[in-house]
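Summary of the model geometry
These are the residues of each chain, in order.
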Amino acid sequence: MVKMMKDKLNPDKLPKHIAIIMDGNGTWARRRGLSRNYGHRKGAIVLKDIMLHAAKLKIKYLTVFAFSTENWKRPQEEVNYLMNLPKEFLNEYEEEMVSEDIRLHWVGSKNRLAEDLIKQIERVAERTKANKGLTFTIAFNYGGRDEIINAVNNILKEGRKEIALEDFNQYLYSQELPDVDLLIRTSNQVRISNFLLWKLAYSELYFTDVLWPDFRPKNFEKAIIEYQRRERRFGGIK
Ligand code: IPE
Ligand code: IPE
Ligand code: MG
C-alpha cells in the first residue's frame with residue numbers, strides 16, 4: 001500500500017520537456033514475421049496515443065525522433081515508407097491536435113525532403129500555432145550534428161567572429177524548445193544516436209527494453225515517475 005502511494009505520478013513535478021527516441025519498430029515486426037514497414041505503421045498509432053496522453057497530463061513539450069539524418073542509409077523501400085508517414089499521421093490526427101489544444105512543431109533539415117511534405121507540416125503548424133497545451137515536435141530528417149553545423153554556418157554568414165553561449169540557441173532548429181528534462185529511449189538501445197545534442201546536456205536519461213510499438217501510456221507514466229525520483233544537480237551540490 002505504502003509502496004503504491006510512492007509510485008504515483010506527482011502532477012506538480014512534471015518534466016517540462018520530454019524527448020523520445022522511438023526505437024524498436026523493426027524488431028517488433030520481425031518477431032511477428034511482419035514487414036518492418038508494418039512495425040512503423042503500428043509505431044505511428046502508438047505515437048498518437050502517447051501524444052494525446054502527454055497533452056492530458058499537461059506536459060508542455062514532447063519531442064519525438066521520427067527520422068534521423070542517418071536513416072537515409074536504409075533500403076529505399078523503407079525510406080519511402082518513412083517519408084510518407086508524417087503525411088498519414090497528420091491526415092489522420094490533425095483534427096485531434098486541433099481539438100486537444102496541441103501545437104505541431106517540426107525540427108530538422110529541409111534537405112532532401114519533398115516540397116509537399118514540408119508544405120503540409122507548415123500548414124498544420126500554422127493552423128495550431130495559437131494552441132496553448134502541448135507543443136508536439138516531430139524531429140524529422142533531424143541530426144544533432146547537422147543542427148549544430150547549420151547553426152555555425154548561419155553565424156558565419158552573418159559575419160560574426162564570436163558567439164556567446166546564451167546566444168547560440170537562437171541559431172538552432174530547436175530554438176523554440178527548452179532544454180530536455182527527460183529523454184526516453186525504447187528497445188533496449190543505450191545511446192543517443194545523434195538526437196538533440198545541444199539540448200540533452202543535462203537531461204535525465206531513461207532506457208527501457210519495451211519496443212516502441214508496445215509502448216503504452218502506463219510505460220510513459222512509469223518513466224515520468226522514475227524521473228521524479230531523480231535528484232538533478234546541474235553540477236552544483238545539494
Ligand atoms: C525506430 O525503429 C524507427 C526509426 C528509426 C525510423 P527501427 O526501425 O530503428 O527499429 P529497429 O531498431 O530496427 O528495431
Ligand atoms: C534513432 O534510431 C532514430 C530514430 C528513432 C528516428 P535508429 O534505430 O536509427 O538508431 P541506431 O542506428 O540504432 O543508433
Ligand atoms: Mg532502431
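Residues numbered from 1 in each chain as written. Chains lettered and ligands numbered in written order. Predicted model: local features only at pLDDT ≥ 70, side-chain atom pairs only at ≥ 80, totals over all residues. Heavy atoms only, no water.

Focus: the packing of helix 4 (residues 76-99) against helix 5 (residues 115-127)
To be explicit about the condition: Orientation is described by lines fitted to C-alpha atoms, with helices fitted over the stretch in contact, and by angles between N-to-C directions that extend from 0 to 180 degrees. Per the convention used, a helix needs a DSSP run of H or I reaching at least four residues, while a strand needs a run of E reaching at least two, with both numbered from the N terminus. Throughout, the term roughly parallel applies to angles under 35 degrees, roughly antiparallel to angles over 145, roughly perpendicular to angles from 65 to 115, and oblique to all others. Each crossing is labelled by how the near helix is turned from the far one, with a counterclockwise turn of less than a right angle marking it left-handed and a clockwise turn marking it right-handed. By definition in these notes, contact holds between two residues if any of their heavy atoms fall within 4.5 Å.
Packing of helix 4 against helix 5 brings their axes to within 10 Å, and their N-to-C directions diverge by 15°. As judged from the angle between their axes, helix 4 and helix 5 are roughly parallel. The two elements helix 4 and helix 5 meet at a crossing, and its hand is left-handed. Two secondary-structure elements touch here, helix 4 through Met83, Pro86, Lys87, Leu90, Asn91, Glu94, Glu95 and Val98 and helix 5 through Asp116, Leu117, Gln120, Ile121, Arg123, Val124 and Arg127.

Some thoughts on the sheet that holds strand 1 (residues 17-21)
As a reminder of what qualifies: Between any two strands, pairing holds if DSSP finds at least two bridges.
In space, the 6 strands of this open sheet follow the order 3-4-2-1-5-6, with parallel pairing throughout. Since the sheet does not close on itself, it has two edges, and those belong to strand 3 (103-107) and strand 6 (204-207), each with one partner. Direction aside, neighbouring strands of the sheet carry axes that sit 20° apart on average. Helix-sheet contacts for helix 3 (residues 36-57) involve strand 1, strand 2 (61-68) and strand 4 (135-142), and the interaxial angle to strand 2 is about 160°.

Topic: the packing of helix 3 against helix 8 (residues 217-229)
Where helix 3 contacts helix 8, the axes come no closer than 10 Å and their chain directions differ by 50°. The angle between the axes of helix 3 and helix 8 places the two elements in the oblique class. The interaxial crossing formed by helix 3 with helix 8 has right-handed handedness. Only Pro217, Phe220, Glu221 and Ile224 of helix 8 make contact with helix 3, whose side of the interface consists of Ile50, His53, Ala54 and Leu57.

Regarding the site of ligand 2
Applied cut-off: Definition of nearness: a residue and a molecule or strand are near each other if at least one heavy atom of the residue lies within 4 Å of the molecule or strand. In protein, a polar contact requires one atom able to donate a hydrogen and another able to accept it; more generally it is a pair of N or O atoms within 3.5 Å, and residues adjacent in sequence count only if both atoms are side-chain atoms. Any residue outside Ala, Val, Leu, Ile, Met, Phe, Trp, Tyr, Cys, Pro, Asp, Glu, Lys and Arg is labelled polar, Gly included; the first ten of those are nonpolar and the last four are charged.
Near ligand 2 the following residues occur: Ile21, Met22, Asp23, Phe65, Ala66, Phe67, Ser68, Asn71, Arg74, Arg185, Arg191 and Ser193. Within the side chain of arginine 74, an N or O atom sits 3.2 Å from an oxygen atom of ligand 2. In this structure, an oxygen atom belonging to ligand 2 sits 2.8 Å away from a side-chain N or O atom of arginine 191. Here the shell around ligand 2 takes 4 residues from strand 2, the largest share from any one element. Its residues assigned to classes, the shell around ligand 2 shows 5 nonpolar, 3 polar and 4 charged.

A closer look at the site of ligand 1
The line we're drawing: Per-residue and other accessible areas follow the Shrake-Rupley method at a 1.4 Å probe size, with only the shown protein chains counted as cover for residues.
In the vicinity of ligand 1, the contacting residues are Met22, Asp23, Gly24, Asn25, Gly26, Thr27, Arg36, His40, Ala66, Asn71, Arg74 and Leu82. Within the backbone of asparagine 25, a nitrogen or oxygen atom sits 3.2 Å from an oxygen atom of ligand 1. At a separation of 2.4 Å, an oxygen atom of ligand 1 approaches a polar side-chain atom of threonine 27. Protein contact buries 84% of the 380 Å² of open area that ligand 1 shows by itself. Secondary-structure elements contributing two or more residues to the shell around ligand 1 are helix 2 (25-31) and helix 3. Ranked by residue count, the leading element in the shell around ligand 1 is helix 2, at 3 residues. Residues of the shell around ligand 1, tallied by class, amount to 3 nonpolar, 6 polar and 3 charged.

Brief notes about the side chain of threonine 128
Applicable threshold: Under the scheme applied here, a residue whose accessible area is under 20% of the maximum for its type counts as buried, over 50% as exposed, and between as partly exposed, the area being computed with a 1.4 Å probe on protein chains only.
You can see threonine 128 is positioned in the loop between helix 5 and strand 4. Judged by relative accessible area, threonine 128 falls into the buried class, the value being 0%. Among the polar contacts made by the side chain of threonine 128, one reaches the main-chain carbonyl oxygen of valine 124 at a distance of 2.8 Å. With near-sequence residues (within four places) excluded, threonine 128 lies in contact with Val98, Ile102, Arg103 and Leu104.

Here we look at the confidence of the model for the chain
Close reading of the predicted structure is inappropriate where its pLDDT is low. Keep this limit in mind: Scored from 0 to 100, pLDDT records how confident the predictor is in each individual residue.
Averaged over all residues, the pLDDT of the chain is 96; the fraction at 70 or higher stands at 97%. Counted against residues more than four places away or in other chains, residues 1-5, with its pLDDT under 50, gives 0 contacts.

As for the packing of aromatic side chains
Just so we agree on the cut-off: Only the six-membered ring of Trp is used, alongside the rings of Phe and Tyr, when aromatic pairs are assigned; centres must lie within 6.5 Å, and planes under 30 degrees apart are stacked while those over 60 apart are edge-to-face, with the rest tilted.
This model, assessed by the stated rule, comprises 11 aromatic pairs. Relative to tyrosine 142, the ring of phenylalanine 65 has its centre 5.9 Å away and its plane inclined at 75°; by these criteria the two rings are edge-to-face. You can see phenylalanine 65 sitting in strand 2 and its partner tyrosine 142 sitting in strand 4, a full 77 residues away along the chain. For the pair shown, phenylalanine 65 and tyrosine 142 are each scored as buried. Both rings, one in tyrosine 142 and one in phenylalanine 195, keep their centres 6.0 Å apart while their planes meet at 85°; by these two values the pair is edge-to-face.

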